[in-house]
Structures are given as structure tokens and as C-alpha cells.
Amino acid sequence: MADIWQQTLNWQPTSQQQIQFQRLYELILQGNQKLNLTRITEPQEFWEKHLWDSLRGVAPLLNNSNQSTHSKEISFIDIGTGAGFPGIPVAIAVNQSTVKLLDSTHKKIHFIEQILPELGLNNVTAITGRAEEVGQNSQYREQYDVALIRAVGNPSVCAEYALPLVKKGGLAIIYRGNWTAEETTNMESAVKQLGGVIENIEQFITPLSQSIRHCLYLKKVANTPVKFPRAVGVPSHKPL
Ligand code: SAH
């Protein structure tokens with residue numbers, strides 16, 4: 001896949017990173033025998049939907065990290081990480097990153113904690129919790145440069161989970177499939193209330209199955225008011 005990485009992301013994994021991706025694939029397949037981790041088990045589909053898609057969202061950060069040996073450490077949180085996506089591929093690929101993986105399902109976090117040493121990842125930690133509670137805990141609130149969130153809820157729910165955890169000046173990256181201009185309009189008020197602005201919306205096509213994807217980049221420009229995130233369940237039942 002070296003050529004496709006290069007052509008699409010202007011980046012290539014080192015041999016060490018390739019070994020880690022391969023090991024991750026094997027560990028997910030093994031874990032899937034006991035836990036329902038992912039439907040995506042074919043090698044090419046895994047590569048495209050779990051590896052490539054995870055890294056496409058952070059493409060600008062990938063290249064910065066490989067070009068400069070003095071680049072600053074970037075702290076990430078992946079909210080609703082499931083089996084570790086997009087957070088684990090990001091932790092493998094972005095030099096000088098620290099990644100916190102958050103999921104409300106303990107068995108998924110337990111699985112992740114078991115595979116981290118096998119992947120040789122010492123820049124990753126995982127916690128079980130709800131984004132609504134973690135976002136109100138001062139240990140985590142406004143502590144991250146970048147929050148990642150893929151396939152967790154509707155866009156304003158994702159914004160309410162993600163923006164409280166991001167430092168002022170940082171970024172929330174929301175991974176989506178299809179996206180419409182109407183959705184942008186509908187989301188604007190939520191993002192503003194949370195202290196963010198929609199900085200960029202990127203559309204791209206996945207390299208193997210030619211599927212459409214979008215990433216929303218929300219920049220945090222003001223502190224999030226203390227009332228957000230609202231109590232467990234409220235963001236998804238009454239989206240902003
Ligand atoms: N991001 C992964 C998994 C998506 S499935 C991927 O793209 O493959 C959604 C995950 O979000 C589930 O594992 C679920 O347990 C978790 N989740 C849903 N609501 C959550 C919340 N409020 N706080 C934390 N995790 C949540």
C-alpha cells in the first residue's frame with residue numbers, strides 16, 4: 001500500500017509502523033472471536049476503513065510530525081474509540097503524540113489495555129467513561145490539543161462531547177460519511193454555543209472502494225461554558 005499512502009496522504013509508514021499496523025489487524029481479528037469489535041475483517045477493507053480513514057482525518061499533522069524532529073508533542077483524545085479507531089492508528093503514525101482512548105463500554109477498553117503492550121505503544125492510555133462525565137472532570141476538561149470522534153452520534157452531539165475536552169486554540173475532528181450544506185447550517189449554533197467555529201470541512205474519496213467521506217474541523221476559540229457537556233444522555237436526546 002506504500003504507493004497509495006504516498007499518493008493520497010503524501011506520507012508513508014516506516015517499516016516499524018507497518019509491523020504495528022499488521023499486528024493491530026491480527027489482534028483485532030483475535031479479539032473479534034470473543035468480543036463484537038468490528039464488522040470489518042477483510043484485509044483490504046480493514047486497511048481502508050480502519051487504517052487509511054483514521055489517518056486521513058489527521059493528514060496535516062502526519063506530515064508535520066515526520067518532517068520535523070523538533071515538532072511539539074500533540075495530545076489527542078479519541079471519544080467513543082470502540083476497538084481503538086481512529087486513536088490507535090493515530091498513535092502509531094503521529095510522532096510525538098500522546099493519545100487517550102475513551103469509551104463507555106468497559107469490555108472494549110479492557111481489550112485495548114491488553115493489546116497496547118503487544119503493539120509497543122507507550123504513548124496511549126485508555127479509560128472507561130461517558131464523554132458527558134469525562135468532559136466535566138477537570139483532569140480531562142480542556143486538556144487536549146485535538147479531540148477525534150468517529151461514528152458516535154449526530155454532528156452536534158459529537159461537538160458537545162468533543163469541544164469541552166479541547167484546549168482553547170485546539171481542534172475537534174469529527175469523522176463523517178456523507179455531509180450536506182444543510183447539516184453545516186444546522187450545526188453552526190451548537191458549535192458556537194460550545195466555544196467553537198467550523199474552521200474547515202474536507203471531502204474526500206476513499207482510495208479502494210471510492211466511498212465518500214467528510215471530516216469537520218472545529219476550532220475552539222473560547223472556553224466552553226460550564227453547563228456543557230450536559231448530563232449523561234441529554235446531548236443525544238436533546239441535541240443542541
Ligand atoms: N470510533 C469507533 C467506534 C464507533 S462505535 C470506530 O469508528 O470504529 C461508537 C462507540 O462509542 C461505541 O464503542 C460506544 O460504546 C461509544 N460511545 C457511545 N456513546 C458514548 C459516550 N457518551 N461516551 C463514551 N463513549 C460512547
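Residues numbered from 1 in each chain as written. Predicted model: local features only at pLDDT ≥ 70, side-chain atom pairs only at ≥ 80, totals over all residues. Heavy atoms only, no water.

## As for the pairing of strand 3 (residues 124-128)
The condition is simple: Should DSSP find at least two bridges between two strands, the strands are taken to pair. Each helix is a run of H or I in the DSSP string that is no shorter than four residues. Each strand is a run of E no shorter than two, and both are numbered from the N terminus. Assignment of crossover handedness uses the view with strands pointing away from the viewer, where a clockwise path from the first strand over the helix to the second indicates a right-handed crossover.
With 5 bridges connecting them, strand 2 (residues 97-103) and strand 3 associate as parallel partners. The residue of strand 3 that forms the bridge with aspartate 103 is threonine 128. With respect to chirality, the unit in which strand 2 leads through helix 6 (residues 106-118) into the neighbouring parallel strand 3 is right-handed.

## Some remarks on the sheet that holds strand 1 (residues 74-79)
We apply this condition: Whenever a helix is involved, its axis is fitted only over the stretch in contact; in every case the axis is a line through C-alpha atoms, and angles between N-to-C directions fall within 0 to 180 degrees. Contacts are residue-level and defined by heavy atoms, with any inter-residue pair within 4.5 Å sufficient.
Across the sheet, which stays open at both edges, the 7 strands sit in the order 3-2-1-4-5-7-6 with mixed pairing between neighbours. The open sheet is flanked by strand 3 and strand 6 (196-205), the only strands paired with a single partner. Looking at each pair of strands side by side, their axes are set apart by 20° on average, direction ignored. Note that strand 4 (residues 144-150) and strand 5 (residues 166-176) share 6 bridges and pair parallel. Bridge pairing in strand 5 places alanine 147 opposite alanine 172. Each of strand 2 and strand 3 touches helix 6; the most contacted strand, strand 3, lies at about 160° to it.

## Looking at the site of the ligand
Rules: Throughout, near means a residue has at least one heavy atom within 4 Å of the molecule or strand. Each polar contact in these results corresponds to two N or O atoms within 3.5 Å; when the atoms are within protein, one needs to be able to donate a hydrogen and the other to accept it, and residues that are neighboring in sequence are counted only if both atoms are side-chain atoms. Each accessible area value is a Shrake-Rupley result obtained with a 1.4 Å probe; residue values ignore everything except the protein chains displayed when judging cover. Note on residue classes: Ala, Val, Leu, Ile, Met, Phe, Trp, Tyr, Cys and Pro are nonpolar, Asp, Glu, Lys and Arg are charged, and everything else, Gly too, is polar.
Close to the ligand lie 17 residues; Gly80, Phe85, Asp103, Ala131 and Arg150 are nearest. Residue aspartate 103 places a side-chain N or O atom 2.6 Å away from an oxygen atom belonging to the ligand. Protein chains shield 81% of the accessible area of the ligand, which is 570 Å² for the free molecule. Looking at the shell around the ligand residue by residue, the class counts come to 5 nonpolar, 7 polar and 5 charged.

## Some words on the nonpolar core
Selection criterion: Residues belong to one nonpolar core when they are buried, are Ala, Val, Leu, Ile, Met, Phe, Trp, Tyr or Cys, and are joined through side-chain atoms within 4.5 Å. Buried, partly exposed and exposed residues are distinguished by accessible area as a fraction of the type maximum, computed with a 1.4 Å probe on protein chains only: under 20%, between the cut-offs, and over 50%, respectively.
Trp5, Leu24, Leu55, Val58, Phe76, Ile88 and Ile173 are the most contacted members of the largest nonpolar core, which has 49 residues in total. Once residues within four sequence positions are removed from consideration, leucine 24 is found in contact with Phe46, Leu51, Phe85, Ile88, Pro89, Ile115 and Leu119. Counting residues in each nonpolar core, the second largest holds 27 residues, with Ala159, Leu165, Leu194 and Leu216 among its members.

## Here we look at the side chain of threonine 81
Summarising the element assignment, threonine 81 is placed in the loop between strand 1 and helix 5 (87-93). A polar contact of 2.7 Å, which involves the side chain of threonine 81, links it to the side chain of aspartate 78.

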